[in-house]
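Next come the chains, spelled out residue by residue.
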Amino acid sequence: MNQTVFKLDEVSYAYPQSEPVLSNISLEIVAGERLSILGANGCGKSTLLKILAGLLFPQSGTFTAFGKKVEREHFKGNLSTVYHRRIGFVFQDSEAQLFCSTVYEELAFGPLQFGLPKDTIRKRIDELSSILDIEKLLEKPPFHLSGGEKKKVAIGSVLILNPDVLVLDEPASSLDPRSQTWLLHLLQSLGKAGKTLIFATHDLDLVPHVSDRAILFDEDHTIAADLPVKTLLKDPKLLKQVNLVDEHYHTHPWDFQED
Ligand SMILES: Nc1ncnc2c1ncn2[C@@H]1O[C@H](COP(=O)(O)OP(=O)(O)OP(=O)(O)O)[C@@H](O)[C@H]1O
Ligand SMILES: [Mg+2]
């Protein structure tokens, strides 16, 4: 049995002066799983991912990561640094992630924080920027990039630290079809390398290729279903419920191959 990476027990979360956007969520994720989180706009997907990434803390319930309870009070200094090295988070909004004056500095930021030698960092950036096809962007300011370019740089700034767990919020959004295919292959190879992959998406084309398990959120901020992706794709009622298909959808067109 693989190691438990995350365990949520009756976790609830509300932003200040608002109703709960996560209600009594219980969930366990083990190492090497490939999991997609699905649900309508506003149901709480990004909030859940931010809890997993150690950026928000539940108001009630228990959240443990790698067997240790994660709480704001214990989550300072060294523990937070170690956590963020093991768990990489790609924000839904790339602008929230990018803040340096060049793409090169953006990619170097994490490794510099962890004290990696400059030569090693340069080598990693050379390799990664070739994989991401962003070599030509390295000297540009991130705020001059297109939405898709920003997304690639944001993904790069996480991959550069080679985390065990990747939490990606809408990784395919703003990517063109070629870049989406590139992302699909990237996620597949990360999965084969044994990484734990957790992502939120509305992109049903991506789901069967890069995840085996799906968590479906209801609009009342609870988990409506936790099931194998193959089972989900055979259930048009559930797909409609979580807004992955619209009311015109009758039969499922997928005849997807085993990857
Ligand atoms: N910083 C915040 N302050 C107050 N309310 C917030 C904040 N961030 C999100 N919310 C609210 O919490 C709810 C859940 O938001 P969240 O971003 O988790 O949804 P989501 O499922 O990721 O939606 P989407 O599919 O649109 O990305 C929404 O109603 C949103 O308006
Ligand atoms: Mg979201």
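Higher on the page you've got the structure.
Everything in this summary refers to the structure shown in the same document. Note that the coordinates shown come from a computational prediction; the quantities given were computed from them, not determined experimentally.

With respect to the sheet that holds strand S7 (residues 165-169)
Then, in step 1: Pairing is mixed across the open sheet formed by 6 strands, whose spatial order is S6-S7-S8-S3-S9-S10. The outermost strands of the open sheet, each flanked by one partner alone, are strand S6 (87-90) and strand S10 (223-228). This sheet shows a mean twist of 15° between the axes of neighbouring strands, independent of strand direction.
Then, in step 2: In this sheet, strand S8 (residues 196-200) lies alongside strand S3 (residues 34-38) in parallel orientation, the contact comprising 4 bridges. Paired with Leu-35 across the bridge in S8 is Ile-198.

Considerations on the coordination of the magnesium ion (ligand 2)
Then, in step 1: The protein atoms donating to the magnesium ion (ligand 2) are Ser-46 (OG) and Gln-92 (OE1), with metal-donor distances spanning 2.0 to 2.1 Å. With Ser-46 in helix H1 (residues 45-52) and Gln-92 in the loop between S6 and helix H3 (103-113), this residue pair connects regions lying 46 residues apart in the sequence.

Let's talk about the pairing of strand S2 (residues 20-30)
Then, in step 1: Direction of pairing for strand S1 (residues 4-14) relative to S2: antiparallel, over a ladder of 7 bridges. What sits directly across from Lys-7, in S2, is Glu-28.
Then, in step 2: Here S1 hands over to S2 after 5 residues, with Gln-17 in that stretch at a positive phi of 50°.

Digging into the sheet that holds strand S5 (residues 68-69)
Through backbone hydrogen bonds, the strands of a sheet pair up, either in parallel or in antiparallel fashion.
Then, in step 1: A sheet is described by the order of its strands in space; here 4 strands give the open sequence S2-S1-S4-S5, paired in antiparallel fashion. At either margin of the open sheet sits one strand with a lone partner, and together these are S2 and S5.
Then, in step 2: Pairing of strand S4 (residues 60-65) with S5, which is carried by 2 bridges, proceeds in the antiparallel orientation. Residue Ala-65 lies in a different strand from S5, and its bridge partner there is Lys-68.

Some details on the site of ligand 1
Then, in step 1: The environment of ligand 1 is made up of 13 residues, and the closest members are Gly-42, Lys-45, Ser-46, Thr-47 and Gln-92.
Then, in step 2: Contacts to ligand 1 include Gly-44, whose backbone N or O atom sits 3.0 Å from an oxygen atom.
Then, in step 3: Separating an oxygen atom of ligand 1 from a side-chain N or O atom of His-202 is a distance of 2.9 Å.
Then, in step 4: Taking 640 Å² as the accessible area of ligand 1 by itself, protein coverage stands at 60%.
Then, in step 5: Among the elements that make up the shell around ligand 1, the one with the highest residue count is H1 (3 residues).
Then, in step 6: When its residues are assigned to classes, the shell around ligand 1 shows 4 nonpolar, 7 polar and 2 charged.

A few points about the environment of Val-167
Then, in step 1: Within the secondary structure, Val-167 is located in strand S7.
Then, in step 2: For the pair Val-167 and Ser-211, spaced 44 residues apart in the sequence, the C-alpha separation amounts to 13 Å.
Then, in step 3: Val-167 has contacts with Leu-49, Ile-87, Gly-88, Phe-89, Val-90 and Ile-198, leaving out every residue within four places of it along the chain.

A closer look at the packing of aromatic side chains
Then, in step 1: Within this structure, the stated rule accounts for 4 aromatic pairs.
Then, in step 2: The interplanar angle of 55° and the centroid separation of 4.8 Å between the aromatic rings of Phe-89 and Phe-91 together place this pair among those described as tilted.
Then, in step 3: Residue class for Phe-91 comes out partly exposed when judged on its relative accessible area of 22%.
Then, in step 4: The positively charged end of Arg-85 is found above the aromatic ring belonging to Phe-114, 5.0 Å away from the centroid.
Then, in step 5: Taking the ring centre of Phe-66 as reference, the NZ or CZ of Arg-86 above it sits at 3.6 Å.

Re the packing of H3 against helix H4 (residues 118-132)
Then, in step 1: Contact geometry of H3 with H4 gives a least axis separation of 10 Å together with a crossing angle of 130°. Between H3 and H4, the angle is such that the two are oblique. Judged by the sense of rotation from one axis to the other, the crossing of H3 with H4 is right-handed. Residues Tyr-104, Leu-107, Ala-108, Pro-111 and Leu-112 of H3 lie in contact with H4, whose contacting residues are Lys-118, Ile-121, Arg-122 and Ile-125.
Then, in step 2: The residue inventory of the contact of H3 with H4, partitioned by class, reads 7 nonpolar, no polar and 2 charged.

Things to note about the nonpolar core
Then, in step 1: Residues Val-103, Ile-125 and Leu-183 are the most contacted members of the largest nonpolar core, which totals 36 residues.
Then, in step 2: Counting only elements with at least two residues in this core, the list comes to H3, H4, helix H5 (147-159), S7, helix H6 (177-192) and S8.
Then, in step 3: When residues of this core are assigned to their parent elements, the largest contribution, 6 residues, is made by H6.

What counts, and at which threshold
Residues numbered from 1 in each chain as written. Chains lettered and ligands numbered in written order. Predicted model: local features only at pLDDT ≥ 70, side-chain atom pairs only at ≥ 80, totals over all residues. Heavy atoms only, no water. Pairing = 2+ DSSP bridges. Helix = DSSP H or I, 4+ residues; strand = E, 2+ residues; numbered from the N terminus. Axes fitted to C-alpha atoms, helices over the stretch in contact; angles between N-to-C directions. Donors = N, O, S within 2.8 Å, 3.2 Å for Na, K, Ca; no water. Near = heavy atom within 4 Å. Polar contact = N/O pair within 3.5 Å; in protein donor to acceptor, adjacent residues only side chain to side chain. Areas by Shrake-Rupley, 256 points an atom, 1.4 Å probe, with all protein chains shown as cover. Nonpolar A, V, L, I, M, F, W, Y, C, P; charged D, E, K, R; others polar. Contact = heavy atoms within 4.5 Å. Phe/Tyr/Trp six-rings, centres within 6.5 Å; stacked < 30°, edge-to-face > 60°. Buried < 20%, exposed > 50% of the residue type's maximum accessible area, 1.4 Å probe, protein only. Lys NZ or Arg CZ within 6 Å of the ring centre and 35° of its normal. Parallel < 35°, antiparallel > 145°, perpendicular 65-115°, else oblique. Left-handed = near helix turned anticlockwise from the far one by under 90°. Core = buried A, V, L, I, M, F, W, Y, C linked by side-chain atoms within 4.5 Å.

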